[in-house]
Each structure stands twice: as C-alpha cells, then as structure tokens.
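Fold and geometry: a report
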Amino acid sequence: MKNVLVTGGAGFIGSNFVHYMLENSDALIVNLDALTYAGNLENLEDVRDHKNYRFVKGDIRDKALVEQIFADYDIDTVVNFAAESHVDRSIVEPEIFLTTNVIGTQVLLDAAKRHWNLAPDDKYSREYKEGVRYLQVSTDEVYGALGKTGMFTETTPLSPNSPYSVSKASADMLVRAYNNTFGLPVVITRCSNNYGPYQFPEKLIPLMINNCMNDKQLPVYGDGMQIRDWLHVKDHCSAIATVLEKGRIGEVYNIGGNNEKANVNIVKLIISTMGKSEDLITYVKDRPGHDRRYAIDNTKITTELGWAPSYTFEKGIAETIEWFMNHRDWMNKIISGDYLNYYNKMYEQ
Ligand code: NAD
Ligand code: TYD
C-alpha cells in the first residue's frame, strides 16, 4: 500500500480516515472529494501541507479525472467513502444517491480494473494481482431492519429499505460483480452508525449536541424507540485499515461494537451530560419507512482479523460532546454556510 486514493475524504468518516492514515502509515494519501454540502476542507486544515497528503477537488463520476488520478499517482489502493449519506435527503431527492453512490462506484471500479491491468482469466485462477486492492465502504443499512431479536451477519440477505440503502446495496453488488467477472481484488466493509468529531450536524448526535448548546428543541422521530448500533468513528477507521491489510479478497466484513441504543436514550444522555432539561425533547412526525432496529454481529472481523473497538460508548460520547463544545466555530461556519467558501480562500491559487 503505497499510493492510496481516498474518495470523500473531506466528509465525516473520510476526514477521520485521512488523519488516521497519515498518523499510522507512510502511504501517500490522495483525497478526491467533490466538496458537496457534506464536504468540509476545514476538517483537514491541520494536514493540508503534510508531505504525504494531496487534495484533488472533483467528482468520482468524472471518468477522465479519475483515470488521470490513477495515472498521475500510480494508485494501488482505493478506499471509497464518497457518497450521498443522509437517509432523510434520499427520501426527498433519490436521484443524486443513485448517480453518486452507484455510477460513481462503477467509474472507480473501471479505472482500477484498467490501471491494474487485470488479465481476463484472473477470476479463474483466483490468484489476485499482488499489492493492489479496492475497498468499498458500505453500511449495515443494506441488510434492512431487524425485529426485537437477531443481528446482521455477512450472510444476512440484503433487503434495503430507503433510497440511500438501496444505492449502497447496488454499489456493493457492482463491487462483487467486478470481483467475480474481472478478478478485481475487492473487499467490502459494512459498518453500523458512526459518531465522533467532524460529523455533519444533520445527523442525530451532532444535531442534538448543537441544539442543546443553543437551547433549541430536540426533534425525536416517532416514538424515539428505534435502535441503532453506535461505533466511534476512530474505531471504524482502525477496522478499515485492518481489512485493507488483512481482509480476504472478495469478502464482506461487518463492523460494529455491540452497542445498541434507542434514539431517545441517546438524546437523554446528551441532555444530562450537557446539563440541560428533557423538556427540550419534541416528538415529531416519523421518517417514512423508518428502519426499527440495526445490530451488527462482528464475530467475523474480531475472530478472523483480530480487530476490536477501543472506545466504550460512555467514553466516546463524552469526548464527542466535549469536541463539539470546543469547536463551536467549526459548527457555526457550517450553520452559516461559511465553510463552503473555504476552498476558494485556500486553494484559489
Ligand atoms: P458524509 O456525507 O459526511 O461525507 C461524504 C463525502 O463524500 C463528502 O465529503 C462529500 O463532499 C463527498 N462526495 C459526495 N459526492 C461525491 C462525488 N460525487 N464525488 C466525490 N466526492 C463526493 O458521509 P460519511 O458519514 O462520512 O460517510 C462516508 C461513507 O461511509 C459513505 O459511503 C457512507 O455510506 C458510509 N457509512 C457511513 C456511516 C455513518 O454512520 N455515517 C456508517 C456506515 C457507512
Ligand atoms: P441518522 O443520524 O440520520 O442515521 P441513520 O438514519 O443512517 O441511522 O439517524 C439516526 C437515528 O436517529 C434514526 O433512527 C433517525 C433518528 N433521528 C431522529 O430521531 N431525529 C433527528 O433529528 C435525526 C437527524 C435522526
């Protein structure tokens, strides 16, 4: 792993992963990001001039640009984070989810296939080209919703329920097909809900922290008893690095930390940690088609690859609340839209 293309590296998980890789490897990290509303270069201000970091502003759907990046940097590893990632937005505007998440993935797969010169019979020999790898960052939402019991394993049938999760499942199927048809050395990771520094404040945890800081109402969808399985973003990053290093080609690895919580209990925990009143909670209309419960069985990645999460939820959420309290300026620039000007200010030359 020498030259790693990280797509969507200016978003929440991508920017944490860029930091993780610059701290824990000697690889060159090339970050390709379109800087949609969810991309924020301020997340990477501290590494802007790092000798092993390059930023390219552009779209994963832009074939010519993607080809150029593979050629210019001799890319041997791809980690594809770039995506439209918010379920609520996918209900309002599904099309961009399909073009970015599905077509964008196909463009990256094609460029990898071409640049890595895969022989047509690689798929029969199963002797994959050494030293190259494509990792698709997927989500547990592709499995659909669980009832009160059970967990998602890697063999749970895909049954996505929202336009977002359908687009992610479709991308996973393409990744699988490029492995089967062309012998592309791929791995897929499916992680549960993340939280931590740099998360865009449209998602549950940063939204509630920000509203608490400003004594605003806390909008809980439906009865608030939907369950998510929360993982600190740094643990997600270490899991991806582990799968890149040791994961078996063609395999799927679920990532999660056995941490199921009902939404309203997360909101109450944030309220009490921040010394606010539960009167701020407002139950609002439920999300259409809202998945009731997600839970990850992480046996495969823990036993086969030896990965384990390092954060307890108590420690992670306390640190995350503190991070947002100490980065009010970062948050305020997002709320005001000012962060969108950062690229022009810093990169116009
Ligand atoms: P995010 O919305 O915070 O960031 C997405 C990034 O992708 C942004 O920087 C955006 O500018 C960029 N992007 C969007 N469209 C692009 C395009 N066409 N070309 C290039 N860049 C583009 O998302 P996130 O929460 O960091 O999620 C990252 C990945 O992880 C996604 O693929 C998501 O499906 C997956 N995932 C997220 C979670 C979670 O809890 N957030 C959990 C599991 C998996
Ligand atoms: P979200 O952070 O959007 O992640 P996902 O939909 O991918 O799981 O939402 C997490 C949970 O919180 C989900 O069950 C929806 C719920 N939710 C609220 O109740 N209120 C809110 O304002 C938001 C953004 C989410």
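So, here's what we can say about the structure. Since this is a predicted model, take the numbers as computed values, not measurements.

What counts as what
Residues numbered from 1 in each chain as written. Chains lettered and ligands numbered in written order. Predicted model: local features only at pLDDT ≥ 70, side-chain atom pairs only at ≥ 80, totals over all residues. Heavy atoms only, no water. Helix = DSSP H or I, 4+ residues; strand = E, 2+ residues; numbered from the N terminus. Rg over C-alpha atoms; globule rule 2.2 N^0.38 Å. Contact = heavy atoms within 4.5 Å. Areas by Shrake-Rupley, 256 points an atom, 1.4 Å probe, with all protein chains shown as cover. Lys, Arg positive; Asp, Glu negative; His and termini not counted. Charge placed at Lys NZ, Arg CZ, Asp CG, Glu CD. Salt bridge = Lys/Arg side-chain N within 4 Å of Asp/Glu carboxyl O. Buried < 20%, exposed > 50% of the residue type's maximum accessible area, 1.4 Å probe, protein only. Core = buried A, V, L, I, M, F, W, Y, C linked by side-chain atoms within 4.5 Å. Polar contact = N/O pair within 3.5 Å; in protein donor to acceptor, adjacent residues only side chain to side chain.

Considerations on the overall build of the protein
For the protein, the count of helices and strands is 13 helices and 13 strands. In terms of overall size, the protein behaves like a compact globule, its C-alpha atoms giving a radius of gyration of 20 Å where 349 residues would be expected to give roughly 20 Å. Each of the three principal axes of the protein carries a C-alpha extent, and together these read 65 × 50 × 35 Å. Once local pairs closer than 6 in sequence are excluded, the contacts in the protein between residues at least 24 apart make up 83%. Carbon and sulfur atoms form 49% of the exposed surface of the protein, whose accessible area is close to 15,000 Å². The protein carries 36 positive and 46 negative side-chain charges, and their two centres are separated by 2 Å.

Focus: the pattern of salt bridges
Evaluated as defined, the whole model comprises 14 salt bridges. Where Arg 89 meets Glu 202, a salt bridge forms, and the shortest distance between an N and an O atom there is 2.7 Å. In this pair, Arg 89 is assigned in helix α3 (residues 87-92) and Glu 202 in the loop between β7 (194-195) and α7 (204-213), connecting sequence segments 113 residues apart. Overall, Glu 202 belongs to the buried group, its relative accessible area being 15%.

What about the nonpolar core?
Core analysis: the largest hydrophobic core is formed by 64 residues, its most contacted members being Phe 17, Val 79 and Ile 270. Here this core takes 6 residues from helix α8 (residues 233-246), the largest share from any one element. What Ile 270 contacts, discounting residues up to four positions off in sequence, is Ile 205, Met 208, Ile 209, Cys 212 and Ile 321. With 34 residues, the next largest nonpolar core counts Leu 32, Val 66, Ala 82 and Leu 118 among its residues.

Points about the side chain of Asp 291
By the element assignment, Asp 291 lies in the loop between β13 (281-284) and α10 (299-305). Buried charged residue Asp 291 carries no salt bridge. Nearest counter-charge: Arg 228, at 5.4 Å. Side chain to side chain, Asp 291 and Tyr 294 meet in a polar contact 2.6 Å long. Aside from chain neighbours lying at most four places away, what touches Asp 291 is Gly 144, Ala 145, Asn 161, Gln 226 and Arg 228.

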